[in-house]
Amino acid sequence: MSPTRVLVLNSGSSSVKYQLLDMRDNSRLAVGLVERIGEETSRLKHTPLHGGGATRESTGPIPDHEAALKAVSAELAKDGLGLDSSELAAIGHRVVHGGKSFTEPTVIDEAVLAEIERLIPVAPLHNPANLTGIRTARALRPDLPQVAVFDTAFHTTMPESAARYAIDVRTADEYRIRRYGFHGTSHAFVSRATAELLGRAPEDVNVIVLHLGNGASASAVEKGRCVDTSMGLTPLEGLVMGTRSGDLDPAVIFHLARVGGLSTDEIDTLLNKRSGLIGLCGDNDMREIRRRVDEGDQQAQLAFDIYIHRLKKYIGAYYAVLGRVDAVAFTAGVGENAAPVREAAIAGLQELGLAVDAELNAVRSDEPRLISPAGARVAVAVVPTDEELEIAAQTYALVARN
Ligand code: ADP
């Protein structure tokens, strides 16, 4: 029988997250992560889900990604699921930036690696770490197909009118400046799952997807294809996020440089790490912000209001871009869990056919579900995202085809 397991790897600069799935029934066999790679206190947390063993944790120096993957393989081997297993069909790698060239999941070879490397200038934080993960995994299993699944791929269908910034065309092309969009694996998964929830084909429905995690992005999906998304050249643009500003007047940057005397790196850190919710109120966790709001904290209230105002603007903008909307879908940590965010974002949009039923909105569940009142013109849904399953499914489909 052909192998049916897929290992999904998400390699960050100092971490590796992994899941092993069996594609016969999409079940998880093991999940885990290695954190603080390169430090004395690296931590490996491994949870076998196959046969029901307990979570194992260990702390100690793990110097680099190669050591991290070997440690992961050793943990998997204890459950009879090692990287050397003949049941492993492929490894699927999350790659953040695929530029314009990668419109689909791609089997990795030297040319693909070179292209991911060529994209480092537009993804300096992410692509180097993704490359390290890929190279390490290939060294461990050179015989195994390895597939890159790009965060940007789902957005490559955007028309030029949405993808281009209104700046000098030659400059934009020279530096490859355009809207790429991110979280594409999630937007793809959730827009399809929303169509399924409505009992319709993805090609028949228009969906606004709101991926609200620590990073957050919105997308307009027309008949299964992305036509606009809020993140841009980098994941900084768009919605208010946990620590990122999202949209602002680009002249804020000149102002900070000229008047404030800040360096480019300082401004980068300010906008990516010390802005958004944490910059506005000192907390980036929506649970904590809601707790403070409920206690009457004015600063937390203002941060919440700014977050919601921006979200509402994007719902309106994408409603106009799509012309007809069948569903608005909330997903990721905040979207799936924070009922007050969903309620506030949709409040006042009755004229657009949008409303939230308070009782349905209060239900907690891991299942896709509708929270709009029965008979509503536009469905409002909560659709848990599953980026790992999507990466595994795309990887497996590609390998099975070849
Ligand atoms: P990412 O993948 O971007 O790190 P997630 O999608 O896991 O983020 O979302 C993490 C965020 O989800 C947390 O920062 C927190 O704000 C929010 N979150 C998680 N659980 C809840 C909850 N029960 N209520 C409100 N917000 C929540």
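The rules behind these values
- Residues numbered from 1 in each chain as written.
- Predicted model: local features only at pLDDT ≥ 70, side-chain atom pairs only at ≥ 80, totals over all residues.
- Heavy atoms only, no water.
- UniProt positions renumbered as here; feature names shortened; annotations may be inferred.
- Pairing = 2+ DSSP bridges.
- Helix = DSSP H or I, 4+ residues; strand = E, 2+ residues; numbered from the N terminus.
- Contact = heavy atoms within 4.5 Å.
- Axes fitted to C-alpha atoms, helices over the stretch in contact; angles between N-to-C directions.
- Core = buried A, V, L, I, M, F, W, Y, C linked by side-chain atoms within 4.5 Å.
- Buried < 20%, exposed > 50% of the residue type's maximum accessible area, 1.4 Å probe, protein only.
- Patch = residues over 30% accessible without salt bridge, like charges linked within 9 Å, V, L, I, M, F, W, Y side chains within 5 Å.
- Areas by Shrake-Rupley, 256 points an atom, 1.4 Å probe, with all protein chains shown as cover.
- Salt bridge = Lys/Arg side-chain N within 4 Å of Asp/Glu carboxyl O.
- Near = heavy atom within 4 Å.
- Polar contact = N/O pair within 3.5 Å; in protein donor to acceptor, adjacent residues only side chain to side chain.
- Nonpolar A, V, L, I, M, F, W, Y, C, P; charged D, E, K, R; others polar.
- Phe/Tyr/Trp six-rings, centres within 6.5 Å; stacked < 30°, edge-to-face > 60°.

The name given to the chain in an unreviewed UniProt entry is Acetate kinase, with the source organism recorded as Streptomyces acidicola. The chain has a UniProt comment under Subunit (unreviewed entry) that states "Homodimer." Note on the chain: under the UniProt heading Catalytic activity (unreviewed entry), the record states "acetate + ATP = acetyl phosphate + ADP".

Colleague: Is there a simple way to think about the sheet that holds strand E14 (residues 379-382) in this case?
Modeller: In any sheet, the strands associate via hydrogen bonds between backbone groups, in a parallel or an antiparallel arrangement. Within the open sheet, the six strands sit side by side as E11-E10-E9-E12-E14-E13. Their pairing is mixed. The sheet is open, and its two edges are formed by strand E11 (225-229) and strand E13 (369-370), each paired on a single side. Across five bridges, strand E9 (residues 206-212) lies against strand E12 (residues 327-331) in parallel orientation. Within E12, the position partnered with isoleucine 208 by the bridge is valine 328. Along the sheet, helix H13 (residues 339-346) contacts E9, E12, E13 and E14; its crossing angle with E12, the most-contacted strand, is approximately 150 degrees.

Colleague: Sorry, what's going on with the nonpolar core here?
Modeller: Considering soluble globular proteins, one finds that nonpolar side chains tend to be buried as a cluster. The biggest cluster of nonpolar side chains holds 43 residues, and the ones touching the most others in it are Ile208, Leu210, Leu212, Met286, Tyr307, Val341 and Leu354. When contributions to this core are tallied by element, the ones reaching two or more residues are E9, strand E10 (216-222), helix H9 (276-281), helix H10 (286-294), helix H11 (298-322), E12, H13 and E14. It is H11 that contributes the most residues to this core, 11 residues altogether. Residues in contact with leucine 210, not counting those within four places in the same chain, are Ser217, Ala218, Leu311, Ile315, Val328, Ala329, Phe330 and Thr331. With 31 residues, the next largest nonpolar core counts Val8, Val147, Phe189 and Ala392 among its residues.

Colleague: Teacher, can you tell me more about a nonpolar patch on the surface here?
Modeller: Taken together, the side chains of Leu248, Val252, Ile253 and Phe254 make up a nonpolar region of the molecular surface, amounting to roughly 290 Å² of accessible area. Along the chain, leucine 248 turns up in the loop between E11 and helix H7 (251-258). Residue leucine 248 is classed as partly exposed on the basis of its relative accessible area of 34%.

Colleague: Sorry if this is basic, but what is going on with the side chain of histidine 183 here?
Modeller: Along the polypeptide, histidine 183 turns up in the loop between helix H5 (169-174) and helix H6 (184-197). In this structure histidine 183 touches Asp151, His155, His211, Gly215, Ala216, Ser217 and Met231, once residues within four positions along its chain are discounted.

Colleague: Got a minute to help me understand the UniProt feature "site: Transition state stabilizer" (unreviewed entry) in the chain in this structure?
Modeller: Here the UniProt-annotated "site: Transition state stabilizer" (unreviewed entry) positions come out as His183 and Arg244. Mapped onto the elements, arginine 244 comes out in the loop between E11 and H7. Sequence-distant contacts of arginine 244, defined by excluding residues within four places in its chain, comprise Gly215, Met231, Pro235, Leu236, Leu239, Leu271, Asn272, Ser275 and Gly276.

Colleague: What am I meant to see in the site of the ligand here?
Modeller: Residues in contact with the ligand amount to 13 residues; listed here are only the nearest, Asn214, Met286, Arg287, Gly333 and Asn337. A distance of 3.5 Å is found between a nitrogen atom of the ligand and a side-chain nitrogen or oxygen belonging to arginine 287. Glycine 333 is positioned such that a nitrogen or oxygen atom in its backbone is 2.9 Å from an oxygen atom of the ligand. Protein contacts shield 65% of the accessible area of the ligand, which totals 580 Å² for the unbound molecule. Elements with a minimum of two residues in the shell around the ligand: H10 and helix H12 (332-337). Its residues assigned to classes, the shell around the ligand shows four nonpolar, six polar and three charged.

Colleague: Please explain the sheet that holds strand E5 (residues 56-59) as it appears in this structure.
Modeller: Strands sit in the order E5-E4-E3-E2-E1-E6-E8-E7 across an open sheet of eight strands; the sheet is mixed. Because the sheet does not close on itself, it has two edges, and the strands there are E5 and strand E7 (106-107). The pairing of strand E3 (residues 27-35) with strand E4 (residues 43-48) spans six bridges and is antiparallel. Note on E4: the bridge partner recorded for glutamate 35 is arginine 43. Its contacts with the sheet put helix H1 (residues 65-78) on strand E1 (5-11), strand E2 (16-22), E3, E4 and E5, and the angle it makes with E4 is roughly 30 degrees. Where helix H3 (residues 127-140) meets the sheet, its contacts fall on E1, strand E6 (88-95) and strand E8 (146-150), and the angle it forms with E6 comes to roughly 165 degrees.

Colleague: When you look at the pattern of salt bridges in this model, what are you seeing that I'm missing?
Modeller: When the charged atoms of two side chains lie near each other, side chains of opposite charge can form a pair. Going through the model one piece at a time under the given rule, you end up with 28 salt bridges. The salt bridge involving arginine 164 is made with aspartate 173; its shortest N-O contact spans 3.1 Å. Given the relative accessible area of 30%, arginine 164 is considered partly exposed. Under the relative-accessibility criterion, aspartate 173 is labelled partly exposed at 43%. Of the charged contacts, one joins aspartate 283 and arginine 292 as a salt bridge, the two residues approaching to 2.7 Å between their closest N and O atoms. Take aspartate 283 and arginine 292: they sit in the same class, and that class is buried. One network of salt bridges, in which partners are shared, links Arg56, Glu75, Lys78 and Asp79.

Colleague: Got a minute to help me understand the packing of aromatic side chains in this structure?
Modeller: For any pair of aromatic rings, geometry is given as the distance between the ring centres together with the angle between the planes. Taken as a whole, this structure holds two aromatic pairs when the rule is applied. With 4.3 Å between their ring centres and 10 degrees between their planes, phenylalanine 102 and phenylalanine 150 make a pair best called stacked. Of this pair, phenylalanine 102 sits in the loop between E6 and E7 while phenylalanine 150 sits in strand E8; the two residues are 48 residues apart in sequence, bridging distant segments of the chain. Phenylalanine 150 matches phenylalanine 102 in its accessibility class, with the two residues each being buried. Ring centres 5.6 Å apart and planes at 75 degrees place the aromatic pair tyrosine 314 and tyrosine 318 in the edge-to-face group. Note that tyrosine 314 and tyrosine 318 are positioned in helix H11 at a spacing of four residues, about one turn of the helix.

Colleague: Would you mind going over unusual backbone geometry with me for this structure?
Modeller: Negative phi is the rule for most residues except glycine; trans is the rule for most peptide bonds. Positive phi, close to 55 degrees, is recorded for arginine 176, a residue that is not glycine. Arginine 176 sits in the partly exposed class, given a relative accessible area of 26%. Backbone geometry at histidine 183 places phi at a positive 55 degrees, although glycine is not the residue there. Overall, the relative accessible area of 11% leaves histidine 183 in the buried class.

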